[in-house]
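A structural walkthrough
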Amino acid sequence: MKILEYEAKRVLGESGIKIPKSVLIRSPEELGAQLPSLPENLVLKAQVDVGGRGKAGGILMADKAVAVETAKDLFSREIKHIPVKEVLVEEQLEITHEYYLSIAVDRSTKHSLLLFADAGGVEIEKVAKENPDAVRRASLPLIMHDVPQFMVRDLLGNAPKELGPVINQLYHVFQEKDALLAEINPLVTTPAGVMAADAKLIVDDNALKRQGITVNRDLTDREREAERHGFSYVELDGTIGVIGNGAGLTMSTLDLIEYYGGRAANFLDVGGGAEQERVMNAVRLVASVPSVKAIVVNLLGGITRCDEVAKGIISAGITQPVIVRLAGTNEAEGRKLLSDKGYQMPDTMEQVVKVAVEMTR
Amino acid sequence: MIFGDKKTGLIVTGATGNQGAFHIALMNEYAKSIGGRGVVAGVTPGKAGQEVHGVPVYNSIRDAMKEHDASASVLFVPAFAAGDSIMESASAGLSLVVAITEHIPVHDTMKAISYAKMNDCAVIGPNCPGLLSPGEVKMGIMPAQLFKRGHIGVISRSGTLTYEIVDELTRAGLGQSTVIGIGGDPVIGQTFTDVLARFSEDHETKAVVIIGEVGGALEEEGAKSAEIPIVAYIAGISAPPEKRMGHAGAIIEGGEGDARSKIERLKAMGVPVASRPSEVPRLIHNLI
């Protein structure tokens with residue numbers, strides 16, 4: 001889960017990294033009360049979880065005199081369709097140079113990957129492409145407690161030595177916060193010292209509990225319902241509802257729908273051991289999507305009890321047709337239950353998909 | 001076959017939990033049907049002296065190994081304790097850990113894999129269905145009835161999709177040497193590269209199917225290293241960016257790891273890529 005900028009900066013601040021002087025406000029009025037303690041030149045940053053926030057109008061500069069007016073303007077905006085509810089008001093920095101620093105989980109090496117670049121404030125992918133020599137990287141096993149000094153020197157190259165301590169400080173944040181990514185872009189030098197002008201922190205979803213982070217995501221009603229039942233659910237914009245067991249099989253079912261010229265309405269992985277009630281809930285959830293005209297159920301596995309699945313589909317009592325592919329234990333019983341009720345049960349997942357695509361054409 | 005055979009003795013950790021107990025029974029049913037050793041001991045701290053489907057339970061892997069000859073463990077412990085269990089297996093001298101558990105924090109996985117490597121212990125998974133070598137050994141949760149012994153290796157990031165493709169292979173008369181699920185997490189122990197290296201040393205295996213999905217670049221890295229003929233299938237061509245498709249590792253991030261570019265890169269390396277699971281047997285026939 002991505003942590004908002006102001007929270008990420010607070011975490012960095014606690015670790016000893018210098019961050020700009022700032023206040024977080026939830027209304028323009030709050031800024032009025034805080035103004036006396038703030039410097040003359042300010043920058044107002046909408047706290048929304050979107051990429052390209054600056055270009056989308058989420059970051060505004062203002063002098064103290066017009067700051068409240070500017071805040072009103074920012075709170076009235078939607079940044080890429082997300083309403084602005086919190087604004088971070090910061091001092092404008094006197095930047096002498098911008099750098100890039102990040103630490104990420106590297107799937108290939110299974111270690112942490114440290115990246116430092118002589119150019120900051122822009123996309124690192126772009127820097128890497130245009131000026132590969134400006135980007136330096138180091139791979140560090142997570143069982144290492146600190147970043148060795150030789151690695152710090154290698155990363156910095158000719159950049160000022162005063163940037164060095166930040167590398168270890170950020171590595172400790174990365175370790176302590178179960179981060180998938182900890183990024184400072186830009187990391188800046190100013191007359192007042194080295195500072196994190198922007199910060200990004202992505203925490204591992206599987207570690208939120210031990211990090212004490214409660215998730216407060218903007219979910220749709222259906223997404224919330226799916227989460228409650230423990231389904232992996234992604235909404236798409238087609239007409240064929242999809243229920244599968246296992247992420248790979250469900251994804252593959254979506255791909256087949258596209259291959260045969262149809263469009264999937266969703267991805268729903270019911271998980272293992274799908275019993276009657278679980279299947280019923282999944283079918284009802286997918287059927288509740290207004291655009292869904294037909295539903296494909298593709299369940300395969302040694303321990304899936306087909307009679308349970310059949311009962312679940314039947315008891316959902318929905319109006320759209322359900323085309324079923326079933327393979328597992330008690331297959332004959334499951335098939336009989338469904339065929340007695342007139343359900344279509346082609347043998348393979350490919351046939352199931354073809355039937356559904358025909359139906360929704 | 002790779003990673004083990006009939007003579008391989010297995011230890012199941014998390015043996016007294018629902019999943020652990022259920023799959024001890026299935027693994028030993030399979031072992032019995034083919035004359036293998038199967039699960040020789042279970043481990044759950046604090047439950048020494050109990051039995052699960054006739055298998056004795058110990059407090060620690062070390063205790064179990066004093067009484068039994070085993071070389072691999074299969075993990076069913078809860079996510080918060082799974083990293084620990086991987087390290088315990090490695091420390092006790094096992095050469096292989098199969099981590100079935102899902103939702104292990106990535107940092108735990110990274111540390112445990114580093115530690116296991118220092119102890120010359122290979123980790124399969126986490127978040128995987130394990131492996132099955134038909135007629136030899138089953139370590140994990142794969143449904144044995146779909147498999148048939150033969151000369152095709154299968155490596156997959158998925159579970160049920162693997163069964164789907166194994167079913168296609170078996171129906172087409174293409175038996176398997178070893179089928180292995182390497183896991184759906186972003187960081188996993190054995191990668192396509194590692195397993196392909198083992199398959200290329202295995203005289204029984206003539207060709208390998210790699211089943212990948214969106215996220216990362218492990219499929220391409222594997223294909224580049226392969227010294228044995230391979231065929232690929234990549235799931236998620238219709239997956240939208242930045243959405244996690246069920247698996248923690250199945251996400252297109254920062255414009256990287258999408259199925260289309262993976263497929264293009266594989267094809268550029270000369271790897272035949274199936275556009276549907278049902279195409280895999282034909283592509284294999286073309287190769288061998």
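Residues numbered from 1 in each chain as written. Chains lettered and ligands numbered in written order. Predicted model: local features only at pLDDT ≥ 70, side-chain atom pairs only at ≥ 80, totals over all residues. Heavy atoms only, no water.

1. What about the overall build of chain B?
Of regular secondary structure, chain B possesses nine helices and 14 strands. Taken over the C-alpha trace, chain B has a radius of gyration of 18 Å; the compact-globule value for 288 residues is 19 Å, and the two agree within 12%. Taken along the three principal axes of its C-alpha coordinates, chain B extends 55 × 40 × 30 Å. Taking contacts inside chain B between residues at least 6 apart in sequence as the whole, the part at least 24 apart equals 70%. Roughly 10200 Å² of accessible area belongs to chain B as shown, and the carbon and sulfur atoms make up 50% of that amount. For chain B, the separation between the mean place of its 25 positive charges and that of its 31 negative charges on side chains is 3 Å. (Helix = DSSP H or I, 4+ residues; strand = E, 2+ residues; numbered from the N terminus. Rg over C-alpha atoms; globule rule 2.2 N^0.38 Å. Contact = heavy atoms within 4.5 Å. Areas by Shrake-Rupley, 256 points an atom, 1.4 Å probe, with all protein chains shown as cover. Lys, Arg positive; Asp, Glu negative; His and termini not counted. Charge placed at Lys NZ, Arg CZ, Asp CG, Glu CD.)

2. So, the packing of aromatic side chains
All names here are of chain A. Tallying each qualifying case throughout the model produces two aromatic pairs over all chains. With a centroid separation of 5.7 Å and 25° between ring planes, the pair formed by Y99 and F116 is classed as stacked. Here Y99 is found in strand β8 (residues 97–105), whereas its partner F116 is found in strand β9 (residues 112–117), with 17 residues between them in sequence. Pair check on accessibility: Y99 and F116 agree, each one buried. Arranged with centres 5.1 Å apart and planes meeting at 85°, the rings of Y259 and Y260 form a pair that is edge-to-face. For Y259, a relative accessible area of 41% gives the class partly exposed. (Phe/Tyr/Trp six-rings, centres within 6.5 Å; stacked < 30°, edge-to-face > 60°. Buried < 20%, exposed > 50% of the residue type's maximum accessible area, 1.4 Å probe, protein only.)

3. Observations regarding the side chain of T191 of chain B
By the element assignment, T191 of chain B lies in the loop between β11 (176–181) and α6 (192–201). Residue T191 of chain B is classed as buried on the basis of its relative accessible area of 6%. Among residues more than four places away in sequence, those in contact with T191 of chain B are K110 of chain A together with I182 and L218 of chain B.

4. Digging into unusual backbone geometry
Note that the residue after N185 of chain A, namely P186 of chain A, is joined by a cis bond; omega there is 5°. Structurally, P186 of chain A can be placed in strand β11 (residues 179–190). A cis geometry characterises the amide bond from G125 of chain B onward to P126 of chain B, with omega recorded as 10°. Note that P126 of chain B resides in the loop between β7 (122–124) and β8 (130–133). Unlike most non-glycine residues, F3 of chain B shows phi in positive territory, near 75°. Looking at where F3 of chain B falls in the secondary structure, it is placed in the segment before β1 (10–13).

5. What about the domain arrangement of chain B?
Residue and element names in this part refer to chain B. Under the domain assignment used here, chain B contains domain 1 (10–124) and domain 2 (142–287). The centre of domain 1, based on its C-alpha atoms, is set 26 Å off from the matching centre of domain 2. On the side of domain 2, 12 residues touch domain 1, which itself brings 10 residues to the contact. Between domain 1 and domain 2 lies a buried interface of about 760 Å² when both sides are counted; carbon and sulfur atoms form 68% of it. Taken together, domain 1 and domain 2 are joined by zero salt bridges. Between the two partners, domain 1 and domain 2, sit one residue pair in polar contact (both at pLDDT 80 or more). The leading source of residues in the side of domain 1 that touches domain 2 is helix α4 (residues 106–118), at four residues. Residues of the side of domain 1 that touches domain 2, tallied by class, amount to eight nonpolar, one polar and one charged. (Domains from an automatic or database assignment. Buried area = accessible area lost by both parts, 1.4 Å probe. Salt bridge = Lys/Arg side-chain N within 4 Å of Asp/Glu carboxyl O. Polar contact = N/O pair within 3.5 Å; in protein donor to acceptor, adjacent residues only side chain to side chain. Nonpolar A, V, L, I, M, F, W, Y, C, P; charged D, E, K, R; others polar.)

6. Some remarks on the nonpolar core
Ranked by internal contacts, the top residues of the largest apolar core, which has 97 residues, are M139, I155, L169, I180, V209, V280 and I284 of chain B. Setting aside residues no more than four positions away along its own chain, I155 of chain B makes contact with I180, I182, F192, V195, L196, F199, V208, V209, I210 and I211 of chain B. One finds L114 and L208 of chain A together with V77 and M110 of chain B within the second-largest nonpolar core, a separate group that totals 55 residues. (Core = buried A, V, L, I, M, F, W, Y, C linked by side-chain atoms within 4.5 Å.)

7. Here's the deal with the sheet that holds β7 of chain B
What holds strands together in a sheet is hydrogen bonding between their backbones, with the strands either parallel or antiparallel. All names here are of chain B. Here we have seven strands laid out as an open sheet, ordered β3-β4-β2-β1-β5-β6-β7, and mixed in their pairing. With partners counted over all chains shown, the strands left at the sheet margins are β3 (51–52) and β7, one partner each. Where strand β6 (residues 96–99) meets β7, three bridges bridge the pair, whose relative direction is parallel. Residue pairing across strands places L96 opposite A122, the latter belonging to β7. On the sheet, helix α1 (residues 18–34) packs against β1, β2 (39–43), β3, β4 (55–58) and β5 (72–75) and is oriented at approximately 160° with respect to β1. (Pairing = 2+ DSSP bridges. Axes fitted to C-alpha atoms, helices over the stretch in contact; angles between N-to-C directions.)

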